[in-house]
Every structure is written in C-alpha cells, then in structure tokens.
Amino acid sequence: MRDHHSPHRDHGDGFERRPGRERGGRGPRVFAPGDLKLLLLALIAEQPCHGYDLIRQIEGMFDGAYSPSPGVIYPTLTFLEESDLISGDADAGKKRYSVTDAGRLSLSEQAVALDGVRMRIDVSKRSLRGHDRPPEIHEAVHNLRHALQLHHGRWSAEEVLRVRDLLNDTAKAIVDGPAVQSAPEKAE
C-alpha cells in the first residue's frame, strides 16, 4: 500500500496507476545484457572518442528520447579497457578511447549480435517515443506484472496451468487481432 503522497494511485481495483514509467520509476530497460558493451565497442571502432561523445552518439541514435548516464557509460568503458578491447589515452584531462586489435577481432566475431543490438535500438526508440504502445497498454502490462507478483511464489500446479492458459490465450488474441464477426452477425 502506498502513502497518499505517492504519484501512483490505486483506483479501487487493486491496481496502481503509474505515470508512464516502468521498473520502479526508472523507465523501461533500453539495453539487454551485453548490448551496451558491444555498442560502445562498435562506436569506438568507428571513431576514437571520449565518453561524453559516446553518450551524445547514443542519445542521437534514440532521437533524444534516451540518454545513457555517465554512471552507466564510464564503468562499461572501464570494463572494456580492462578487457583489452579498447585503450584510453589521457587527452587534456579526458580519456580518448580507441579500439585495440583484440577489440576489432571481438567485433568481427560478434557482427550478428551487433546487428541485433541495432535492431533492438530501433524498437526501443519507438517505444520510448510512445510509438509502440499507448499509455493504457503500459498500465495494463504493469497491472499484469503486479498481479503475478502478488503470488509471492505460492503457485499450485493447478494455478500454474490456469495462469499459463490465460496468458497464452491473451497473447494469441493480441496476435490474432480484432475478433472476426461470426456468421450470424455477417448476415445482418
């Protein structure tokens, strides 16, 4: 139960109305695990640059709808540097990163994965800009997650099957699209 100062509202049906954010107010996850490392490596391979430049490049990829924080970028750059995939040279107090031979080899081995990252960026960009799902759908997805979390791991075998069938039937109905009129309705 939330306090009365929370922007989240319970509308009497047991579900909260959340103001357009997912995952505890932090916004939707943009990168899958490993995606950012691969993307940064690819961007640095295209042109040596500073961390701030990488933040701006990624922001541009998302048309300004997302900008990674320095708290995400710089630890990832440190990981890539410690893995000998990039090297950082101090330039007027700022590190300028360039790809190493090992980094180029890693990129060539992960070309298909990099294509997947770029495709996911396009999908995320549409979602972040609101082209993917309307707010009512985001709210319904949140309500579903909330309902599933209410079980706290107490799933009987019968309940697992019931919920599985409900979710699979709902997914199929969404994919199938609007219901087709039945034969008697068509005759009218």
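What you see is a predicted model, and the numbers here were worked out from it, not measured in a lab.

A. Expanded view of the nonpolar core. Of all hydrophobic cores here, the largest spans 28 residues; its most connected members are Phe-31, Leu-39, Leu-40, Ile-44, Ile-58, Phe-62 and Leu-77. Only α1 (35–46), α2 (51–61), α3 (70–82), β5 (94–99) and α5 (111–128) provide two or more residues apiece to this core. Contacts of Ile-44, omitting those with residues within four sequence positions, involve Cys-49, Leu-54, Leu-77, Ile-86, Tyr-97, Ser-98 and Val-99.

B. Summary view of the sheet that holds β5. The strand order β3-β5-β4 describes an open sheet built from three strands, whose pairing is antiparallel. A strand with exactly one partner marks an edge of an open sheet, and here the two such strands are β3 (49–50) and β4 (86–91). Bridge analysis of β3 against β5 gives two bridges, and the strand direction is antiparallel. Each bridged residue has a counterpart across the sheet, and for His-50 the counterpart in β5 is Arg-96. Contacting β3, β4 and β5, α1 crosses the sheet at an angle of about 90° to β5.

C. Examining the confidence of the model for the protein chain more closely. When pLDDT is averaged across the protein chain, the result is 79; 76% of the residues are at 70 or more. Confidence drops under pLDDT 50 across residues 1–25; counting only partners more than four residues distant or on other chains, this segment forms 36 contacts.

Conventions adopted
- Residues numbered from 1 in each chain as written.
- Predicted model: local features only at pLDDT ≥ 70, side-chain atom pairs only at ≥ 80, totals over all residues.
- Heavy atoms only, no water.
- Core = buried A, V, L, I, M, F, W, Y, C linked by side-chain atoms within 4.5 Å.
- Buried < 20%, exposed > 50% of the residue type's maximum accessible area, 1.4 Å probe, protein only.
- Helix = DSSP H or I, 4+ residues; strand = E, 2+ residues; numbered from the N terminus.
- Contact = heavy atoms within 4.5 Å.
- Pairing = 2+ DSSP bridges.
- Axes fitted to C-alpha atoms, helices over the stretch in contact; angles between N-to-C directions.
- pLDDT = per-residue confidence, 0-100.

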